[in-house]
Amino acid sequence: MAEYVHQRLEEMLPELEEMTRTELFTPEETKVILKKREALEYRLQQHTKTKSSYLNYIEYERKLLELIFMRKKQYGIDYGEKEIENSIKNRINKLFWLLTTRFSEDVSLWEMHIDFCKETRQLNTVTRLYNKILRIHSHREDIWVKAAQFERSPDGSGNPEAARELLLMGQRVMPDSEIIYLEMYQMELDLARTIIKRKKVLKISEVAETPEKKEETPKKKKKKAKKSEKMDVDNETPFCEELKVAQIVYRKSLEIFPNNPDFHLKLLNICSKFKYASSQLAEMIASLKTTYQDNPKVWNALALCHLNKYKKMMTVQQKQAADRCLATFKEGLEAVQGDKQSQQHNTSEKKAAMTQSMWSYCLWGHLNVLDLRHDNEDAAEILASTLDLFQQAMEADMLSLELYEKLIKMLTDMGLSEDSAVVAEKAVKSYPSSASLWQIYLSKMVERGVAVDDVIKTFRSAMRKITEEDSWHVWQFVLNFVSVKDNSALESLLEEACRSVTPEVSKPAKEWSLDFAFRQAGIKKARQVYRTLKCMRPITVEFYHRYIIMENSQLEPKIDLIRAAFEEALVEFGQVDQEVWLNYMDMERKIAKDAPKAGVVHQRALKSLNPALKENFNRTITLVGLTAA
């Protein structure tokens, strides 16, 4: 082992001598480098090889390489690259080869080597690495894609033919890979765009003129040029020849992945980014409309596709895009719903769900367009159309819960309180188990000045339909309302809430009751409520915390009552809540002015808290300065 290490070190001597000769490093520094490498080499010769041994060595050499680049730039040195940098690069490559050979199953190690070679512009090595990793990990579709992207990238090999061959090979190995097909399609569109741009720069016409063709007059040439320019601006130029391969990939992929709307939409998304592929985009849209006529997700994507790059459009184009988007939504709604006769015969749950989904997509799409066009002249027209659609969806019982809430908010913001109340009533009938809708409905009743008894009656009806676990916000709304209007009804409601068997109601109800008593009648009433409610389980630490704050807020706080509240809180939460102990210590030092007592509390906390909390408790004490006296 020692002989092998010394051999490696002897091979490094010319490199180290060159470092000294070029004055990049002093003789003392080169000795340190040699000593560090010797230690790292010995680690590689251990009987049990580990990844960390190789990675540590690689990291050291990379840092050394960075330091050399920095010093060369600093000292203005532009020679010695072959003897020094290349030697280090070769050593790093050798270490990576050894590492990936021994741990070939770890793809991340291969990628680290590839990243290093890209950084140091060893492009041929990157190609060899991708070829080797693909022979071992041919099931990794992401590696096939990355390899192809490197081959066709101008910053990589710049070889689109090699990229195409790689993807075709990957497709043969993994014929069911959507990712590979999507990359193939995008690559072919990229290549087509490059060719088209090159032809435009070189002014190469699409069809070569034959000798027999008559020469065009200057007037015709000018007219043709204007027409060609207009077509190019409108992204309508039919560059069919360059797009043939992309077209073949698109059609072949649809054969391999039939009845796959998500994949089809991914192809659409890729194609929509290429202005020269307008003819293929039109074909895709027509295919999607025909193949997935009753798929709401597809219609939503087709409609929103018109709003791509909306902010970059001219004013006229923005209006046209918005109109096409809304028209597509309505077309999709008609297609998914079908005619009335087919709706009567097809009442399956699946059909109903798809129809409701389409209504939701359509309405959210209209709201999105309305938001985009709110400052334009057609905003009023879009708003009227949107409200009309809401009305139709509500009559067909196709509004989702979220859309009901959105509609009520819209009507309220528009000052249409009566209409919003009608919609809220319809909403709770459609979704009787929704606590949020019942709260909105109750708030509309309060806005209309409905009597307290009627509000409570409606509240009772709501409680029979919504789950108690979700009901606290409805309780809270009614309690706040009744506390202002009728205190006689409040007492029975409060007692019912505090005695609820559902912790999600009873816990916050106790806190609400304590706060209300303190606000209405002061500390004496709060103490009375506290003594009553502290015996009712379950109870929260926040309940004790609020009461203690109330006692501390008095001009002359009663320390005995505060300490008693802390002790009662510790009985419940002393093992699991360090905040109670911290607040107790803080009170003893700042309110009671009794530092020794704070120290006693500290020692009690260390004995009572769960072991997992003690370290964090001590750290917190040190940070806030609550050390024992």
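Residues numbered from 1 in each chain as written. Predicted model: local features only at pLDDT ≥ 70, side-chain atom pairs only at ≥ 80, totals over all residues. Heavy atoms only, no water.

Q: Mind showing me how you'd approach the packing of aromatic side chains here?
A: Centre-to-centre distance and the angle between the planes together describe a pair of aromatic rings. Using the criterion set out here, one finds 15 aromatic pairs in the structure. When the centroid spacing of 6.3 Å and the interplanar angle of 35° are considered together, the rings of Phe96 and Phe116 count as tilted. You can see Phe96 sitting in helix H4 (residues 85–102) and its partner Phe116 sitting in helix H5 (residues 107–119), a full 20 residues away along the chain. The residues Phe96 and Phe116 share a single accessibility class, namely buried. A ring pair is formed by Tyr185 and Tyr250, whose centres lie 6.3 Å apart and whose planes are at 45°; its orientation type is tilted. Here Tyr185 is found in helix H9 (residues 178–202), whereas its partner Tyr250 is found in helix H11 (residues 244–256), with 65 residues between them in sequence. Residue Tyr185 shares its accessibility class with Tyr250, and that shared class is buried. Ring pairing ties together the aromatic residues Tyr530, Phe543, Tyr544, Tyr547 and Phe573, which thus form one cluster. Positioned above the aromatic ring of Tyr4, the side-chain terminus of Arg8 is 4.5 Å from the ring centre. (Phe/Tyr/Trp six-rings, centres within 6.5 Å; stacked < 30°, edge-to-face > 60°. Helix = DSSP H or I, 4+ residues; strand = E, 2+ residues; numbered from the N terminus. Buried < 20%, exposed > 50% of the residue type's maximum accessible area, 1.4 Å probe, protein only. Lys NZ or Arg CZ within 6 Å of the ring centre and 35° of its normal.)

Q: Would you take a moment to explain the environment of Pro611 for this structure?
A: Mapped onto the elements of the fold, Pro611 is located in helix H31 (residues 611–624). Since its relative accessible area comes to 66%, Pro611 is described here as exposed. Separated by 35 residues in sequence, Pro611 and Val576 have C-alpha atoms that sit 9.8 Å apart.

Q: In this structure, what is going on with the side chain of His113? I would like to understand it.
A: With respect to the helices and strands, the residue His113 is situated in helix H5. Ignoring any residue separated from it by four or fewer positions in sequence, one finds His113 in contact with Asn93, Phe96, Trp97 and Leu129. (Contact = heavy atoms within 4.5 Å.)

Q: Quick question: what am I supposed to make of a nonpolar patch on the surface here?
A: A cluster of nonpolar residues, Val201, Leu202 and Ile204, forms a patch on the protein surface that exposes about 310 Å² of accessible area. Here Val201 is to be found in helix H9. A relative accessible area of 66% means that Val201 is categorised as exposed. (Patch = residues over 30% accessible without salt bridge, like charges linked within 9 Å, V, L, I, M, F, W, Y side chains within 5 Å. Areas by Shrake-Rupley, 256 points an atom, 1.4 Å probe, with all protein chains shown as cover. Salt bridge = Lys/Arg side-chain N within 4 Å of Asp/Glu carboxyl O.)

Q: Quick question: what am I supposed to make of the environment of Ala322 here?
A: With respect to the element layout, Ala322 can be found in helix H15 (residues 315–337). Overall, the relative accessible area of 1% leaves Ala322 in the buried class. Residues Ala322 and Val126 lie 196 residues apart in sequence; the distance between their C-alpha atoms is 47 Å. The residues contacting Ala322, other than those within four sequence positions of it, are Leu307, Val369 and Arg373.

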